[in-house]
Amino acid sequence: MALDGRLRLVNLALVALLVGLVIAFVVISFAVEKPPYDYWLLMNGANLFCFDQAAFRYGLDLHIYYPAPFYTTFCLPYHYAEPLLRWVWMLAPVLLTLWLARGRAAALAYPPLGVLLLIGQSSWLIIPAYIIGARDHMDRRVPWWYGLVMALGVFKPHVALPVWACLAWRWWRRREWAALIAWATGVIVLMLPAFLLRPGWLLEWLPNGRGFEPVNLASVALIPVQLAGMGFAPGPEALAVVWGFCLLVGVAGYTLLRRRRGRLTLYDWALLFFFVSPVLNDYDLVVLLPFVAQRRRRLLLALTAGIVTWLFAMMSGAVSAHARWSMSLLVTLALLALRLWRVDAAHSV
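Definitions and cut-offs
- Residues numbered from 1 in each chain as written.
- Predicted model: local features only at pLDDT ≥ 70, side-chain atom pairs only at ≥ 80, totals over all residues.
- Heavy atoms only, no water.
- Helix = DSSP H or I, 4+ residues; strand = E, 2+ residues; numbered from the N terminus.
- Rg over C-alpha atoms; globule rule 2.2 N^0.38 Å.
- Buried < 20%, exposed > 50% of the residue type's maximum accessible area, 1.4 Å probe, protein only.
- Contact = heavy atoms within 4.5 Å.
- Areas by Shrake-Rupley, 256 points an atom, 1.4 Å probe, with all protein chains shown as cover.
- Lys, Arg positive; Asp, Glu negative; His and termini not counted.
- Charge placed at Lys NZ, Arg CZ, Asp CG, Glu CD.
- Phe/Tyr/Trp six-rings, centres within 6.5 Å; stacked < 30°, edge-to-face > 60°.
- Lys NZ or Arg CZ within 6 Å of the ring centre and 35° of its normal.
- Salt bridge = Lys/Arg side-chain N within 4 Å of Asp/Glu carboxyl O.
- Polar contact = N/O pair within 3.5 Å; in protein donor to acceptor, adjacent residues only side chain to side chain.
- Core = buried A, V, L, I, M, F, W, Y, C linked by side-chain atoms within 4.5 Å.

## Things to note about the overall build of the chain
So, point 1. The number of helices and strands found in the chain is 15 helices and zero strands.
So, point 2. On C-alpha atoms alone, the chain measures out to a radius of gyration of 20 Å, which is about the 20 Å that the 2.2 N^0.38 rule sets for 349 residues.
So, point 3. Scored against the burial criterion, the 349 residues of the chain give a buried share of 50%.
So, point 4. Looking at the chain alone, contacts between residues at least 24 apart form 73% of all its contacts between residues at least 6 apart.
So, point 5. Surface accessibility of the chain: about 17,300 Å² in total, with carbon and sulfur atoms responsible for 70%.
So, point 6. Computed over 29 positive and 16 negative side-chain charges, the inter-centroid distance for the chain is 13 Å.

This is the structure in structure tokens:
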């Protein structure tokens, strides 16, 4: 439904205010010569990978955890055009969100987006893949270049997994060869420079997961992680407990969804995956925007749960110095509850 009258003016004013705050944040980051925290960590890793191989190493000390193709993709823009890269990095997720929400300012209040912008995280790079997944229809041919967009999932494969698995299966069954070939080609193009610069990066990367960060771990994995006081370096027994617990919750959630809804959509799979994934952080939930931003009931519920999250995070941070952004799991919990409740009106939820 289109906005009109005074509501349109209010919406326009809110958009201007929120976008203006992001622009001011970027301007201040240049003025104080201090980029957003995660953005700096990511680009420092990229700079080391391409220009100082001797200093590059995976692990906690340098906070380097990403697959090497991420670093080889962004090292040159960072090295030679950093101001432009920072502007694009910070404004692209805002513009994507407004486009998805058809200009509605409410979507900019989505808390995972706010966290992502505050620290300059990279999960927005996977949003286009989920846009394609949300709009994929069995009766339409797939443009070949969709495959190139899907290839961006190599940057954060643990976030792209649901849409990768779903569309790979669909496109294979429908013989969408052009899109599949473009997908494979895009992955090869992104990965080749990494192997040329550091042939053994894959063997270095796989054993060096980041562990758990309870402050912003936004899934049910938070329960065993919190109870056992785990952190960035859990042992194999602790990992087995966490993954086993999440697997059990995932099976239970899948069983409920199948009984209530029958055939699961990509949206159902994504909700369930993000609700139980032990490697998901709060800002990763921005990839749900293609399923949420244009559905008023979903967006209202996500914002309500998210605002509770923000309030709790800020208040808990005031008393403990560690804000509980991990409470973003309330967003997926609320949206899953809606999928289980509103079965008779699937088109509206």
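There's plenty left to go through after this.
## Points about helix α4 (residues 111-119)
So, point 1. Counting buried residues along α4, eight of its nine residues qualify, which places the element largely inside the surrounding structure.
So, point 2. Of the positions making up α4, those classed as buried are Pro111, Pro112, Leu113, Gly114, Val115, Leu116, Leu117 and Ile119.
So, point 3. Phi turns positive one or two residues past the end of α4, at Gly120, with a value near 75°.

## With respect to the packing of aromatic side chains
We describe a pair of aromatic rings using the distance from one ring centre to the other and the angle between the two ring planes.
So, point 1. In total, this model carries 27 aromatic pairs according to the counting rule given.
So, point 2. Ring geometry for Trp164 versus Trp183: centroids 5.6 Å apart, planes at 65°, classification edge-to-face. With Trp164 in helix α7 (residues 157-173) and Trp183 in helix α8 (residues 177-197), this pair connects stretches of sequence that are 19 residues apart.
So, point 3. Using a relative accessible area of 22% as the deciding quantity, one classes Trp164 as partly exposed.
So, point 4. Taking relative accessible area as the criterion, Trp183 reaches 8% and is therefore assigned buried.
So, point 5. Of the aromatic side chains, those joined through ring pairs into one cluster are Tyr39, Phe49, Phe56, Tyr58, Tyr66, Phe70, Tyr71, Phe74, Tyr78, Trp89, Trp124 and Phe155.
So, point 6. The ring of Phe30 is capped by Arg86, whose NZ or CZ atom sits 3.9 Å from the centre of that ring.
So, point 7. Positioned above the aromatic ring of Tyr267 is the side chain of Arg298, whose terminal nitrogen or guanidinium carbon lies 4.0 Å from the ring centre.

## Details of the pattern of salt bridges
Note that side chains of opposite charge can pair when their charged atoms are close.
So, point 1. Applying the stated rule across the entire model yields nine salt bridges.
So, point 2. Between Glu82 and Arg86 there is a salt bridge, and its shortest N-O distance comes to 2.9 Å. One end of the pair is Glu82 and the other is Arg86, both in helix α3 (residues 68-100) and four residues apart, which spans about a single turn.
So, point 3. By relative accessible area, which is 14% here, Glu82 ends up buried.
So, point 4. Overall, Arg86 belongs to the buried group, its relative accessible area being 6%.
So, point 5. With a closest N to O distance of 2.9 Å, Arg170 and Asp136 form a salt bridge.

## Observations concerning the side chain of Ser219
So, point 1. The residue Ser219 is located in the loop between α9 (201-205) and α10 (222-228) in this model.
So, point 2. On the basis of relative accessibility, which here comes to 0%, the residue Ser219 falls in the buried class.
So, point 3. Within polar-contact distance, the side chain of Ser219 engages the backbone oxygen of Ser277 at 2.7 Å.
So, point 4. Beyond its immediate chain neighbours, meaning those up to four positions away, Ser219 contacts Phe274, Phe275, Val276, Ser277, Pro278 and Leu329.

## Brief notes about unusual backbone geometry
Most peptide bonds take the trans configuration, and most residues that are not glycine carry a negative phi.
So, point 1. Residue Glu33 is not a glycine yet carries a positive backbone phi of 55°.
So, point 2. Along the polypeptide, Glu33 turns up in the loop between α1 (5-31) and α2 (37-51).
So, point 3. Although it is not a glycine, Arg102 adopts a positive phi angle of roughly 55°.
So, point 4. Mapped onto the fold, Arg102 is located in the loop between α3 and α4.
So, point 5. By relative accessible area, which is 60% here, Arg102 ends up exposed.

## Observations regarding the nonpolar core
So, point 1. Core analysis: the largest hydrophobic core is formed by 106 residues, its most contacted members being Phe70, Tyr71, Trp89, Tyr110, Trp171, Phe274 and Leu288.
So, point 2. Sort the elements by how many residues they give to this core and α3 lands first, with 14 residues.
So, point 3. Residues in contact with Tyr71, not counting those within four places in the same chain, are Leu42, Gly45, Ala46, Phe49, Cys50, Phe56, Tyr58, Ile64, Tyr65 and Tyr66.

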